[in-house]
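Results of the structural survey
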Amino acid sequence: MALMAASLVIGLQAGAHAQATPASSPQRQYAIAAGPLAEALNRFAAEAGVVLAFDAAQLKGLESKGVQGRFGTAAGFAALLAGSGFEAAQTASGSFVLRRTPASAPARKAATENASEAPELAEVKVVARHLAGVDKLDRQMIRNMPAINGDLTSQLKLNPNIQYSEAQLSSQTAGEIAPAEISIHGAKPYQNEILLDGVSIANDLDPGNKIVTTNPEYIPGNAQALAIDSSILCDVEVKDSNVSAEYGRFTGGVVDAKICSARKRFGGSLAIGYTSSDWTHLFIDPAKQEEFENSSTADNQPRFKKWTYKTTLETRPDPSWGLLMSVVRKQSDIPLNRFSTTNAGTTESREVTQQRIQDTLVIKTDFAPAGSAHKGDVSLVYAPTENSYFIENYRNSDYTIKSGGLNLAGHLESRLAPATLSQQISFSETDQSRRSDADYYRDWRWSADKNWGDASQSNASSGEGAFGDIDQKMQNLGYKLKSAFHELSLGDTRHRVSSGLEYQQKHAEYTRLKDTRYYLTVADLPTSGAISRCQTSTGALDSEACSTTPTKGKTVGQYFRRLMTYKAGSFDVDANTWAAYLEDEASWRNLKLRLGGRVDRDSLTADTNLSPRSSLTWQASEPLSLNIGANRYYGRNLFAYAMQEKVSSLIYTQTRSGTLAWSSATQTKPSNRLEDMRSPYDDELTAGLNYDSDWLNGPLSLRFTRRDGKDQIVKRLVTKQTDCNSNQCYVYTNEGGSLSKDLTLSWNSNKAFKSGPVATRFWFAVNKSDVKSNYSTYADVYGTALANDEIIQYDGKFIRYSEMPADNYNRPWTLRIGAMSSLPAQQLSFTNILRIRDGYRQMLQNGETTYEGTTVDVWEQTSLPRSIALDTVISWTPRIHANQSLEVKLTIENITDQKNKTSASSTYATYERGRSFALELGYSF
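Residues numbered from 1 in each chain as written. Predicted model: local features only at pLDDT ≥ 70, side-chain atom pairs only at ≥ 80, totals over all residues. Heavy atoms only, no water.

The number of helices and strands found in the protein chain is eight helices and 55 strands. Expected size for 925 residues packed as a compact globule is a radius of gyration near 29 Å; at 31 Å, the protein chain falls within 12% of this value. For the protein chain, the spread of C-alpha atoms along the three principal axes comes to 125 × 60 × 55 Å. Counting only residues that meet the buried cut, the protein chain has 51% of its 925 residues in that class. Restricting the contact set of the protein chain to residue pairs at least 6 apart, pairs at least 24 apart contribute 70%. Counting only carbon and sulfur atoms, one obtains 53% of the accessible surface of the protein chain, whose full area is about 40,500 Å². Side chains of the protein chain carry 99 positive and 102 negative charges; the gap between the two charge centres is 3 Å. (Helix = DSSP H or I, 4+ residues; strand = E, 2+ residues; numbered from the N terminus. Rg over C-alpha atoms; globule rule 2.2 N^0.38 Å. Buried < 20%, exposed > 50% of the residue type's maximum accessible area, 1.4 Å probe, protein only. Contact = heavy atoms within 4.5 Å. Areas by Shrake-Rupley, 256 points an atom, 1.4 Å probe, with all protein chains shown as cover. Lys, Arg positive; Asp, Glu negative; His and termini not counted. Charge placed at Lys NZ, Arg CZ, Asp CG, Glu CD.)

Structure representation (structure tokens):
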């Protein structure tokens, strides 16, 4: 807490030496274009960090010339309101209220003489927006939240209902730049709906597949299909309980992000950011230090350099429309050894630099013609990602994993007499593919001919090749329609009714671009005959899968006896989904009841699912409200379930023994099967209270949420299946389940606390969580013991599998405190985020024991210590000239260099990163 107060202390010291400026009206640089007066006032108040109350209806049709330059708050309001007949008056609390400019003395006299004729004004209700809280980030929070990689989900550290993977901040993989995967109320990361300007960027291909990247058939994926940079965002809201029927396709929560619109008449920015392993303290167990320093795999990254390049251009030549374009590139270079041993005699390069590259191109235009009932916007987001790897100890084994894709969306809002009508049409294409240096894979025994491996090893080998080129793509054409009807009265009740329709047409493809040969089962060549010379029956030489050079310790050569050919070919899966919802928010006296329902249908499962949504709020007193809710949320069905069933159809197997002639190719039977499945869903019960009083300066919220996950998708290995490869198949079933209980207490300041020239916003959140789940992801094999929910011994007690705590995203409690302090006169801001996470319960299987005459598995709990991290951002934006300024941003994560343990085994422990620095330098105009 003392460290968090540093921003306030530094601010006071800076203020003591600053040029004298009235504390109540510090000057800041503004660049607000001409346009509707109401919009200009809102924008100015937001940038000034003050509350302005006014009735927008009074300003209808009024325009402002905008402001360009440095202004105090009062002077800025005066410039915006010049000639409008209004002024902004400051209240005792520091906020501002818009009122008509007082009349001159003659005018007041005339008004007095005609007082009997003056009309009485109608009552005006003033509504002001609170500052953003732990569940909603505004532009300023997004720009100043400490997140070195700058991705969307890493910005959500303050939300008490979000937990991150234990591997997210690992010291072993600090060079990665992939978006953080999050769990909301214990749900799997791929069961969150992530929206970007209303269009989903959640991965529907194969997001939960975390298999090793060298698998011949499947490509690893992430929960987010598009890895976007948060600098393009102006609002991010997390909806985690009592979610409206407007939203579907999730069992966790909804992350709703909005792309920025153009604000300046003409302007832009350039920036470059950097961090590296030299700027990061990596905690590595001494037992693993040597292996880590000489790493030959991406699982251990001792060295890395990360660069970020950003540029933005925006223009608003007319108040009615604007255009913004932004380009961001992130790149991480990770040097690694190609071989796991010193291998001093290798003929291949020892060091290879793997790269992670993410690009984000955003173009957004918005239009709102003056006096029109219609407004809209069009946005294009292109965000490809390329990650390069190699196969350890293999030559010609480099390959690239390609992901990301394109989102194109158009939105139109029409303010009609009975309702506001919103329509959106969108097209997206996402990728999860691989490009390889080779279309063959061979693991030779070491010989003078195959001599690039390490000959000093007991079973020396020389591997070469990779697993070929695969394209996985998904295209989605979508349409949304929403009608928000104006409030209507029925007797003593008031109703706000909304309804909507959604339709999506999806097409997914799996394509192997060319034949890939996978050679297996190496054997000794005979000592005589044509085969001993690698000659086929026709006299041709087999140079691909045979070598006459004697292998290490032997006098004969070698040849491969088994060949799996992954044939070039493709298959596709189509799916149509539609949804409809209807919701009514009814108010009567101090009660508010929201009742709604959502119907979803997905052709992948042919299910029609009804999701009831309900929430009741009682305004017990002016500051206190109580709320209860009961809701059902249906999750997404992924293309991986259907596509993996067909992958084996491209595999053909051949064998040979004692001859170099291959047998006839036999098509491999399926190894995965898709049977009847139901859509996974969560039932939610929630209760809470909200206390919003002036003396608290912000809302205090206490909420309990219970989620019961049912019909979750898992993968089981089923034997005695004659139609499957090796008489066994992996079958997707609905046998998974989960139960989560969350108690959260949160508070945020409604307005900034001021002390001299320093203004500070605060956030506070604490969470108590208990998550139980009988599976990790749909990609892991789900055993029979789990399916039967058998008895196990856990931590000395006999329980069923379903009662065992989840093995990730399950910190028993967390405390999060945030403070953002700004000194406008010095263009300085300091942001601190303190996170304290209770000790993690790691589950380890440790043998078997006997229970009531049967053998059961034994699981033990390894308690890991509490984790503490204080992250800081220092931002300085000094003005150079007119509207031009520098932008300097220093991010320090884990500033106190805490050694936070994330896992432990019998051989070594793993830790989060220690103190990490990142610097960004920019120029804005």
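Additional details are given in the paragraphs that follow.
With that settled, the discussion passes to the environment of Thr 385. Structurally, the position occupied by Thr 385 is in strand β19 (residues 374–389). Look at Thr 385 and you get buried, because its relative accessible area is 5%. With 26 residues separating them along the chain, Thr 385 and Asp 359 place their C-alpha atoms 6.4 Å apart. With residues near it in sequence (within four places) discarded, Thr 385 still touches Ala 227, Ile 357, Gln 358, Ile 401, Lys 402 and Ser 403.

Let's shift gears to the packing of aromatic side chains. On inspection of all chains with the given rule, the structure shows 26 aromatic pairs. A centroid spacing of 4.4 Å and a plane angle of 35° characterise the contact between Tyr 30 and Phe 44, whose relative ring orientation is tilted. Separated by 14 residues along the polypeptide, Tyr 30 in strand β1 (residues 28–32) and Phe 44 in helix α2 (residues 37–48) bring together distant segments of the chain. With a relative accessible area of 1%, Tyr 30 lands in the buried category. (Phe/Tyr/Trp six-rings, centres within 6.5 Å; stacked < 30°, edge-to-face > 60°.)

Read across the open sheet, the five strands follow the order β8-β13-β14-β11-β12; overall the sheet is mixed. In this open sheet, the two edge strands, each paired with only one partner strand, are β8 (136–137) and β12 (199–200). Inspection of the sheet shows strand β11 (residues 193–196) paired to strand β14 (residues 254–259) by four bridges, in the parallel sense. Of the residues in β14, the one forming a bridge with Glu 193 is Val 254. (Pairing = 2+ DSSP bridges.)

This next bit is on the pattern of salt bridges. It is possible for side chains of opposite charge to pair when their charged atoms get near one another. Inspection of every chain in the model, using the stated rule, returns 50 salt bridges. Two residues, Arg 707 and Asp 682, come together in a salt bridge whose shortest N-O distance is 3.9 Å. Highlighted residues: Arg 707 in strand β39 (residues 698–719) and Asp 682 in strand β38 (residues 681–693), separated in sequence by 25 residues. Given the relative accessible area of 1%, Arg 707 is considered buried. One salt bridge connects Arg 716 with Glu 735, and the closest N-O pair in it is separated by 3.4 Å. Here Glu 735 lies in strand β40 (residues 728–748) and Arg 716 lies in strand β39, a separation of 19 residues in the sequence. If you follow the salt bridges from partner to partner, you end up with Glu 193, Asp 204, Arg 249, Lys 506 and Arg 636 in one network. (Salt bridge = Lys/Arg side-chain N within 4 Å of Asp/Glu carboxyl O.)

Hydrogen bonding along the main chain pairs the strands of a sheet, whether they run parallel or antiparallel. One open sheet holds the three strands; their spatial order is β3-β7-β6, and the pairing between them is mixed. Strand pairing shows two members of the sheet lacking a second neighbour, β3 (52–53) and β6 (86–90), which therefore form its edges. In terms of strand pairing, β3 meets strand β7 (residues 96–100) through two bridges, oriented parallel. Across the sheet, Ala 53 pairs through a bridge with Val 97, a residue of β7.

Of all hydrophobic cores here, the largest spans 34 residues; its most connected members are Met 141, Leu 156, Leu 196, Ile 228, Leu 233, Val 236 and Val 255. Those elements that provide at least two residues to this core are α5 (139–144), β9 (162–164), β10 (182–184), β11, β13 (233–239), β14, β19 and β42 (758–773). The residues contacting Leu 196, other than those within four sequence positions of it, are Ile 201, Ile 228, Leu 233, Ala 257, Ile 259 and Val 381. Grouped together as the second largest cluster of nonpolar side chains are 28 residues, Ile 219, Ala 298, Ile 470 and Ala 508 included. (Core = buried A, V, L, I, M, F, W, Y, C linked by side-chain atoms within 4.5 Å.)

A word on the confidence of the model for the protein chain. Of the residues in the protein chain, 92% have a pLDDT of 70 or more, and the chain-wide mean is 89. The spread of mean pLDDT over the elements of the protein chain runs between helix α1 (residues 6–17), the lowest at 36, and strand β34 (residues 624–634), the highest at 98. With pLDDT under 50 throughout, residues 1–24 is counted as low confidence; its partners more than four residues away or in other chains account for 30 contacts. Counting contacts from residues 105–118, a segment whose pLDDT is below 50, to residues more than four positions away or on other chains yields one contact. (pLDDT = per-residue confidence, 0-100.)

Here we come to the state of the cysteines. Overall, the coordinates contain three disulfides when judged by the stated rule. The disulfide that involves Cys 234 links it to Cys 260, with 2.0 Å between the sulfurs. Here the S-S torsion is close to 105°, and the disulfide linking Cys 234 with Cys 260 is therefore right-handed. Highlighted residues: Cys 234 in strand β13 and Cys 260 in the loop between β14 and β15 (266–276), separated in sequence by 26 residues. The same class applies to Cys 234 as to Cys 260, namely buried. A sulfur-sulfur separation of 2.0 Å characterises the disulfide bridge that pairs Cys 534 with Cys 546. Taking the torsion about the sulfur-sulfur bond, which here is approximately -80°, the covalent link between Cys 534 and Cys 546 counts as left-handed. Within this pair, whereas Cys 534 is found in the loop between β28 (516–524) and β29 (546–547), its partner Cys 546 is found in strand β29, the two being separated by twelve residues in sequence. (Disulfide = S-S within 2.5 Å.)

Over its twelve residues, α2 extends 16 Å from the first C-alpha to the last, a length consistent with the 16 Å expected when each residue adds 1.5 Å. For α2, the set of buried residues is Leu 37, Ala 38, Ala 40, Leu 41, Phe 44, Ala 45, Glu 47 and Ala 48. One or two positions beyond α2, positive phi appears at Gly 49, with a value near 75°. (Expected span 1.5 Å × (residues − 1).)

If you check the backbone angles, Asp 197 has positive phi at about 50° while not being a glycine. If you trace the backbone, Asp 197 turns up in the loop between β11 and β12. You can call Asp 197 buried: its relative accessible area is 10%.

For helix α3 (residues 73–81), the full list of buried residues reads Thr 73, Gly 76, Phe 77, Leu 80 and Leu 81. For α3, the angular spread of buried residues about the axis comes to 125°, placing them on one side. Residues of α3 that are buried make contact with α2, β3, β4 (63–64), β5 (67–71), β6 and β7. Where α3 ends, the next residue or the one after it, Gly 83, has phi of about 80°, a positive value. (Arc of directions from axis to C-beta.)

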